[in-house]
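Structure at a glance
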Amino acid sequence: MNKVSFFAIPALVLLMLSSCYYDVEEELFPENKGCDTTAVSYAQAVKPILDSKCTGCHGGGSPSAGIKIDTYLDLKGYLDIDAARFVSSIVHDGNASNMPKGQSKMPDCDVNKIRAWVNAGYPEN
Ligand code: HEC
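Okay, so let's go over this structure. (Residues numbered from 1 in each chain as written. Predicted model: local features only at pLDDT ≥ 70, side-chain atom pairs only at ≥ 80, totals over all residues. Heavy atoms only, no water.)

Regarding the nonpolar core
One finds Val 46, Leu 75, Phe 86, Ile 114, Trp 117 and Val 118 to be the most contacted residues of the largest nonpolar core, which totals 22 residues. Mapped onto this core, the elements with two or more residues apiece are helix 3 (42-53), helix 4 (72-91) and helix 5 (108-119). Sort the elements by how many residues they give to this core and helix 4 lands first, with 8 residues. (Core = buried A, V, L, I, M, F, W, Y, C linked by side-chain atoms within 4.5 Å. Buried < 20%, exposed > 50% of the residue type's maximum accessible area, 1.4 Å probe, protein only. Helix = DSSP H or I, 4+ residues; strand = E, 2+ residues; numbered from the N terminus.)

See the structure below:
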């Protein structure tokens, strides 16, 4: 570690702790406390959520509404066409049909993780 980062990192941390206002997702969405939305992994986070809540309908040979999202490439194909609609469907903002269909909204942390991953350009990570 060079001299600059040796001092800069603690200084940054102090700045973040002491500043009176910061755009931290946890502060904007208090219910999201403890939910880590940085560097969300497709394999570790996104896929398991989709597999438990979505791919029963949106997978296999005859997916609902022709929307197949059970593999990375299928999901990417849909997101390339309409990522905004995908996000709307899980955040329930009224711009798409609410998903998972016929069920309540997924827990905020799951929604926020998937949204963060989509906004990060949906990497295959
Ligand atoms: C019970 C079956 C079912 C489940 C579970 C389900 N969907 Fe759907 N989904 C549908 C059907 C049917 C449609 C066609 C539109 C409609 O009927 O609302 C649809 C439509 C969509 C659309 C298009 C919405 C629009 O307005 O055009 C998206 C995006 C979507 N689903 C994503 C998801 C995601 C993400 C999940 C999991 C969080 C999910 N779906 C879970 C059945 C389901």
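Examining the site of the ligand
Close contacts around the ligand come from 19 residues, with Cys 54, Cys 57, His 58, Ser 97 and Met 99 the closest. Contacts to the ligand include Ser 97, whose side-chain N or O atom sits 2.3 Å from an oxygen atom. Each residue belonging to the shell around the ligand can be placed in one class, and the counts come to 11 nonpolar, 5 polar and 3 charged. (Near = heavy atom within 4 Å. Polar contact = N/O pair within 3.5 Å; in protein donor to acceptor, adjacent residues only side chain to side chain. Nonpolar A, V, L, I, M, F, W, Y, C, P; charged D, E, K, R; others polar.)

What to know about the coordination of the iron atom of the ligand
Coordination of the iron atom of the ligand by the protein involves His 58 (NE2) and Met 99 (SD), with metal-donor separations of 1.9 to 2.2 Å. Geometry at the iron atom of the ligand is octahedral, judged from the 6 donor atoms that bind it and their angles of 86 to 178° at the metal. Here His 58, found in the loop between helix 3 and helix 4, pairs with Met 99, found in the loop between helix 4 and helix 5; they are 41 residues apart in sequence, far enough to count as distant. A residue is classified by how much of its surface remains accessible, and Met 99, at 19% relative accessible area, is buried. (Donors = N, O, S within 2.8 Å, 3.2 Å for Na, K, Ca; no water. Tetrahedral: all angles 85-135°; square planar, octahedral: opposite > 155°, others 65-115°.)

Side note on the state of the cysteines
This structure, assessed with the given rule, holds 1 disulfide. Disulfide pairing places Cys 35 opposite Cys 109 at an S-S distance of 2.1 Å. Between Cys 35 and Cys 109, the S-S torsion sits near 85°, and that sign places the bridge as right-handed. Taken as a pair, Cys 35 in the loop between helix 2 (25-28) and helix 3 and Cys 109 in helix 5 lie far apart in primary sequence, 74 residues in all. By relative accessible area, Cys 35 is classed as buried at 6%. Judged by its relative accessible area of 26%, Cys 109 falls in the partly exposed class. (Disulfide = S-S within 2.5 Å.)

Quick word on helix 3
Along helix 3, the residues classified as buried are Tyr 42, Ala 45, Val 46, Ile 49 and Leu 50. End-on view of helix 3: buried residues confined to an arc of 120°, all on one side of the axis. In this structure, helix 3 carries Gln 44 and Ser 52 as exposed residues pointing more than 90 degrees from its buried face. (Arc of directions from axis to C-beta.)

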